[in-house]
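# Results of the structural survey
Residues per chain, in single letters:
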Amino acid sequence: MSTLTSSFHVVRYSAANAVADFRATYTWRSWTFGWLGRMLAQVTFFATMGLALHSSASAHYLVVGNAVMTCVVEAMTVVTSSAWERRQGTLPLLAASPARLIWVFFGRSLQWPVSGSVTSLVALLGLAPLFGVVWSPEQVPVLVGLVLLTAVSTYCVGLFLAAFVLSASQARNIVSNVGYLVMMAICGVQVPVSFWPDWVGVVARTLPLTHTLAGVRGVAAGAGAGAIVQQAAWAVLAGACWLGAAAVAFARLQLHARRSGHFDFAE
């Protein structure tokens, strides 16, 4: 069996666990009226702040940014859910297995970017028009692609952070929250990236959200296909780099566990 095929099987079996976890966590009622309702309320809150400024442009900016942000919030839950493996005592078995940890953990929490994409699309297509952001039928497929790219690429950022949280699981919620709050602050969600000093802009451009969100705003503004594809390409590159960094971090973690012969499970 080739390495690519075996990695695919690892992701597939891990994703089956992700589906089971999601079903155990939510019913359709609790997801719809609990999680989705909460996220839509958050988007509405920030968009209403734009209306309070008596600026339709501000309302448009905030509703689009925060609607896209919802999938990032959920994708970053991978930081927390990856730490569950430590609590459940499965890490020694995973470390001893021939499978690479990166593919185990990539599949293990795939429920979050999938669910987050649905949340974000509901906000963009159902809520944003109430604030004056209207999408044409031709724009919807592009919008769907950019949201999926946002969720998956920021999921790769979360995987990188998760590799370190496995060694300090007490910090899982802090790291997850700080991770998405930093992106919310500097990636153009609430204010343009240009609002910040130049060095912050450099950091922001290493994060996929900066580029995918610029692409979504370009779709809303009727920008040409070339500009949107360029932003998507930058997001793919950034996401790939974060995934590569996560792979290295997980490999080092797995090597350390094999050499030491154990994982520390103390909380």
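Residues numbered from 1 in each chain as written. Predicted model: local features only at pLDDT ≥ 70, side-chain atom pairs only at ≥ 80, totals over all residues. Heavy atoms only, no water.

## Observations concerning the environment of Thr48
- The residue Thr48 is located in helix 2 (residues 28–52) in this model.
- Thr48 sits in the partly exposed class, given a relative accessible area of 37%.
- Separated by 14 residues in sequence, Thr48 and Leu62 have C-alpha atoms that sit 8.6 Å apart.
- In terms of polar contacts, Thr48 uses its side chain to reach the backbone carbonyl oxygen of Thr44, at 2.6 Å. (Helix = DSSP H or I, 4+ residues; strand = E, 2+ residues; numbered from the N terminus. Buried < 20%, exposed > 50% of the residue type's maximum accessible area, 1.4 Å probe, protein only. Polar contact = N/O pair within 3.5 Å; in protein donor to acceptor, adjacent residues only side chain to side chain.)

## Considerations on the nonpolar core
- Among the nonpolar cores identified, the biggest contains 74 residues, and Phe105, Leu159, Leu209 and Phe250 are the most heavily contacted of them.
- With 12 residues, the single largest contributor to this core is helix 8 (residues 139–165).
- In this structure Leu209 touches Val68, Met69, Val72, Thr150, Thr154, Met183, Cys187 and Val189, once residues within four positions along its chain are discounted. (Core = buried A, V, L, I, M, F, W, Y, C linked by side-chain atoms within 4.5 Å. Contact = heavy atoms within 4.5 Å.)

## Focus on the side chain of Ser7
- Note that Ser7 resides in helix 1 (residues 3–25).
- Under the relative-accessibility criterion, Ser7 is labelled buried at 14%.
- For Ser7, the side chain forms a polar contact with the side chain of Trp103, separated by 3.5 Å.

## With respect to the packing of aromatic side chains
- A complete count under the given rule lists 10 aromatic pairs for this structure.
- Look at Trp28 and Phe33: their rings are 6.5 Å apart centre to centre, the planes differ by 55°, and that puts the pair in the tilted class. Summarising the burial analysis for this pair, Trp28 and Phe33 share the class exposed.
- Note on Trp103 and Phe106: the rings are 6.0 Å apart at their centroids and 75° apart in plane angle, and the pair reads as edge-to-face. Note that Trp103 and Phe106 are positioned in helix 6 (residues 101–108) at a spacing of 3 residues, about one turn of the helix.
- The class of Trp103 is partly exposed, set by a relative accessible area of 23%.
- Clustering of aromatic rings is evident, with ring pairs tying together Phe22, Tyr26 and Trp112. (Phe/Tyr/Trp six-rings, centres within 6.5 Å; stacked < 30°, edge-to-face > 60°.)

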